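Topology and contacts: notes
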Amino acid sequence: MASHGPVTGKASLPPLIYRAEAYRDTDHFRETVWGCPHEHTTVEGALNCGQDWIGSQPETLTESA
Ligand SMILES: [Zn+2]
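Heads up: these notes are all about the structure in this document. (Residues numbered from 1 in each chain as written. Predicted model: local features only at pLDDT ≥ 70, side-chain atom pairs only at ≥ 80, totals over all residues.)

1. Some remarks on the sheet that holds strand β3 (residues 61-64)
We count it as follows: The criterion for strand pairing is that DSSP finds at least two bridges linking the strands in question. Put simply, DSSP H or I for four residues or longer makes a helix, DSSP E for two residues or longer makes a strand, and each gets a number counted from the N terminus. Interaxial angles span 0 to 180 degrees and are taken between N-to-C directions of axes, which are lines fitted to C-alpha atoms, for helices over the stretch in contact.
Taken in spatial order, the three strands of this open sheet run β2-β1-β3, and their pairing is antiparallel. This sheet does not close on itself; its edge strands, each paired only once, are β2 (32-35) and β3. Geometrically, the sheet is characterised by an average inter-axis angle of 30 degrees between neighbouring strands, direction not taken into account. Judged from the three bridges that link them, strand β1 (residues 21-24) and β2 form a sheet pairing that is antiparallel. By the bridge assignment, E21 is partnered in β2 with G35.

2. A closer look at unusual backbone geometry
Positive phi, normally seen in glycine, also occurs at R30, with a value near 50 degrees. Structurally, R30 can be placed in the loop between β1 and β2.

Put into structure tokens, the structure is as follows:
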């Protein structure tokens, strides 16, 4: 029988967390150069956060969330 780790006694769904990420437009591998430190509960919040951050950067970056 497979083990799934300690039973906490209370079932809970993992929270949906979104984080904004940015990568260079010219990077075909899309290596993340920045990830926001927050735990956004909506994808819109993460995207807005990323746009704010990208807007303050001097180089051209593209975001995803
Ligand atoms: Zn954020």
